[in-house]
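One-letter residues, chain by chain:
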Amino acid sequence: MTGRFDIVATDGAARAGVLETSHGPVETPVFMPVGTKASVKAVMPGELRDLGAQIVLGNSYHLYFRPGAERIDRLGGLHRFMGWDGAILTDSGGYQVFSLRDTATIDDSGVDFRSVYDGSQHRFTPELAMEIQRLLGSDIAMAFDECPPAGVERAKLEDAVRRTSLWAQRCRTCMPAPGQLVFGIVQGGIDLELRERSAAHIVSLGFDGHAIGGLTVGESREAMFATTRATAEMLPSERPRYFMGIGDPEGVIEAIAAGVDMFDCVLPTRLGRTGSALVTGGRLNLRNAIHADDERPLEEGCTCPACATFSRAYIRHLITQDEIVGLRLLTLHNLHVLFELVRGAREAIRAGTFSKYRSTRLSAP
Ligand SMILES: [Zn+2]
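Rules of the game
Residues numbered from 1 in each chain as written. Predicted model: local features only at pLDDT ≥ 70, side-chain atom pairs only at ≥ 80, totals over all residues. Heavy atoms only, no water. 1 Å grid on protein atoms, 1.4 Å probe; cavity = no way out; pocket = protein on both sides within 12 Å on 5 of 7 lines; lining within 4 Å. Points joined across faces, edges and corners; volume = space filled by probe spheres on them. Helix = DSSP H or I, 4+ residues; strand = E, 2+ residues; numbered from the N terminus. Nonpolar A, V, L, I, M, F, W, Y, C, P; charged D, E, K, R; others polar. Donors = N, O, S within 2.8 Å, 3.2 Å for Na, K, Ca; no water. Tetrahedral: all angles 85-135°; square planar, octahedral: opposite > 155°, others 65-115°. Phe/Tyr/Trp six-rings, centres within 6.5 Å; stacked < 30°, edge-to-face > 60°. Buried < 20%, exposed > 50% of the residue type's maximum accessible area, 1.4 Å probe, protein only. Lys NZ or Arg CZ within 6 Å of the ring centre and 35° of its normal. Contact = heavy atoms within 4.5 Å. Polar contact = N/O pair within 3.5 Å; in protein donor to acceptor, adjacent residues only side chain to side chain. Axes fitted to C-alpha atoms, helices over the stretch in contact; angles between N-to-C directions. Parallel < 35°, antiparallel > 145°, perpendicular 65-115°, else oblique. Pairing = 2+ DSSP bridges.

**Student:** Describe the layout of surface pockets, and please don't skip the residues or the numbers.
**Tutor:** Considering only enclosed or pocket space, the largest pocket measures out at about 780 Å³ in volume. Taken together, 37 residues form the lining of the largest pocket, with Asn-59, Tyr-95, Gln-96, Asp-264 and Val-266 sitting closest to its centre. Among the elements of the structure, strand E5 (55–59), helix H2 (60–65), helix H5 (94–99), strand E14 (262–265) and helix H11 (267–273) are those that each provide at least two residues to the lining of the largest pocket. When residues in the lining of the largest pocket are grouped by element, the largest group, 4 residues, is from H5. In terms of residue class, the lining of the largest pocket is built from 14 nonpolar, 16 polar and 7 charged. Along the walls of the second largest pocket sit 22 residues, with Val-279, Thr-280, Gly-281, Val-337 and Arg-361 positioned nearest its centre. Every element with two or more residues in the lining of the second largest pocket is listed here: helix H10 (249–257), strand E15 (276–279), strand E16 (282–285), helix H14 (324–351) and helix H15 (354–362). The biggest single contributor to the lining of the second largest pocket is H14, with 4 residues.

In structure tokens, the structure reads:
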């Protein structure tokens, strides 16, 4: 049944589960690559599937402007439009509206802002955000929330929590697409009292899952991890928990340890396009001349399409000559690293060896 979430194993606070969606089961912990404009940049749907992707993200803000949510609906919905038959989660567009906040003005009914595409004036409301996601036909829709940057004064943070609650309530009354799950978002910055308040109200609205929003917006790593641990505990264990916007291997492992099930981030694809590979213990910048004669793969033992065939020297050559295959190979490798990381975590949780897995991954040289 769509929306059913079974926890199959726990190890400490970490959990391994299965979330049923309209496009099949999603095994958690899961990493969701970001397909902002109906494409995970440089990667074909079949390649995503082969790498082990189960669910990808789409972005309401961008798809609303180009090519338009109604057009995607006419063309059969986002799955058919982008040729992806796995699950899709759409964000509400709130994050994009607020990350361009110098042009945004907010009140309790919605947000006025200028489009990044042509500067035209627009208004997003919770109702419009839900309608866009209904038209896109994603498997999981996100409630429209207010996400303030780190370091704002408490009164502003408090106001964002209040408004996020108000908007969540309105999102809850909107009709989703058939079989579409709706997740609520907890705000409150790194203020645990506000997190508590936000979590209590959002949970009371009976969403299908809960997201921890408003982190990785400029706060310190320690504060981010501490807030994640505390907030995860405030959320009911029987529903999936989603950390919005984390994708570095250490961050993902720590969030899994805190009891979070779902993650997304542009990091692996963006790093790939800027010439860097995620490797054990850090990153390789393939633009660096040190790789020019290096016959080794990006990572010894890696089974991704890049490492199976090609050397660092070759990939460096492609990157420095702006050959498109170079950034594709780095993107495939980086996605593979994230998928393997969470697959390993799922196995370790099932085997009861997650704390060992965690310390091995975090202490890698
Ligand atoms: Zn590789």
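**Student:** Run through the coordination of the zinc ion, naming residues and quoting values.
**Tutor:** Protein ligation of the zinc ion involves Cys-302 (SG), Cys-304 (SG), Cys-307 (SG) and His-333 (ND1), the donor distances falling in the range 2.1 to 2.3 Å. With 4 donor atoms in place around the zinc ion and angles of 103 to 112° between them, the coordination shape is tetrahedral. The sequence pattern formed by the donor residues of the zinc ion is C-x1-C-x2-C-x25-H. Here His-333 lies in helix H14 and Cys-302 lies in the loop between E16 and helix H12 (305–309), a separation of 31 residues in the sequence.

**Student:** Lay out the packing of aromatic side chains in plain terms, naming residues and giving numbers.
**Tutor:** Following the criterion strictly, the structure yields 13 aromatic pairs and no others. Between Tyr-61 and Phe-65, the ring centres sit 5.1 Å apart and the planes meet at 70°, which makes this aromatic pair edge-to-face. Here the residue Tyr-61 and the residue Phe-65 both occupy positions in helix H2, the gap between them amounting to 4 residues, near one helical turn. Plain terms: the ring middles of Tyr-64 and Phe-124 are 5.2 Å apart, the flat faces sit at 80° to each other, and that makes the pair edge-to-face. Pair noted here: Tyr-64 is in helix H2 and Phe-124 is in strand E9 (residues 121–124), with a separation of 60 residues, a long-range link. On the accessibility criterion, Tyr-64 (26% relative accessible area) is partly exposed. For Phe-124, a relative accessible area of 0% puts it in the buried group. Members of the aromatic cluster, each reached through a chain of ring pairs, are Tyr-61, Tyr-64, Phe-65, Phe-113, Tyr-117, Phe-124, Phe-144 and Trp-167. One Lys or Arg, Arg-49, reaches over the ring of Trp-84 and ends 4.9 Å from the middle of that ring. A cation over an aromatic ring shows up here: Arg-172 above the ring of Phe-207, its NZ or CZ 4.9 Å from the ring centre.

**Student:** Give me the lowdown on the environment of Thr-231, citing residues and values where you can.
**Tutor:** Mapping Thr-231 onto the fold places it in helix H9 (residues 221–234). Residue class for Thr-231 comes out buried when judged on its relative accessible area of 0%. The residues contacting Thr-231, other than those within four sequence positions of it, are Val-186, Arg-195 and Ile-212. Of the polar contacts made by the side chain of Thr-231, one reaches the backbone oxygen of Thr-227; its length is 2.6 Å.

**Student:** Could you give me a rundown of the packing of helix H7 (residues 154–172) against helix H8 (residues 192–204), with the residues and numbers involved?
**Tutor:** Between H7 and H8, the least distance of the axes is 10 Å, while the angle of their chain directions is 5°. Considered as vectors, H7 and H8 are oriented roughly parallel to each other. On the side of H7, the interface is formed by Arg-154, Leu-157, Glu-158, Val-161, Thr-164, Ser-165, Ala-168 and Gln-169, while H8 contributes Glu-193, Leu-194, Arg-197, Ser-198, His-201 and Ile-202. For the contact of H7 with H8, a count of residues per class yields 5 nonpolar, 5 polar and 4 charged.

**Student:** Summarise the sheet that holds strand E7 (residues 105–107); cite the residues concerned and give the values.
**Tutor:** For sheets, the rule is that strands pair by backbone hydrogen bonds, running either parallel or antiparallel. Taken in spatial order, the 3 strands line up as E7-E8-E9 in an open sheet, and their pairing is antiparallel. Edge positions in the sheet fall to E7 and E9, since each has one partner strand and no second. For this sheet the average axis-to-axis angle between neighbouring strands, irrespective of direction, equals 20°. Pairing analysis gives 4 bridges linking strand E8 (residues 110–114) to E9, with the strands arranged antiparallel. Following the sheet pairing, Asp-112 is matched in E9 by Arg-123.

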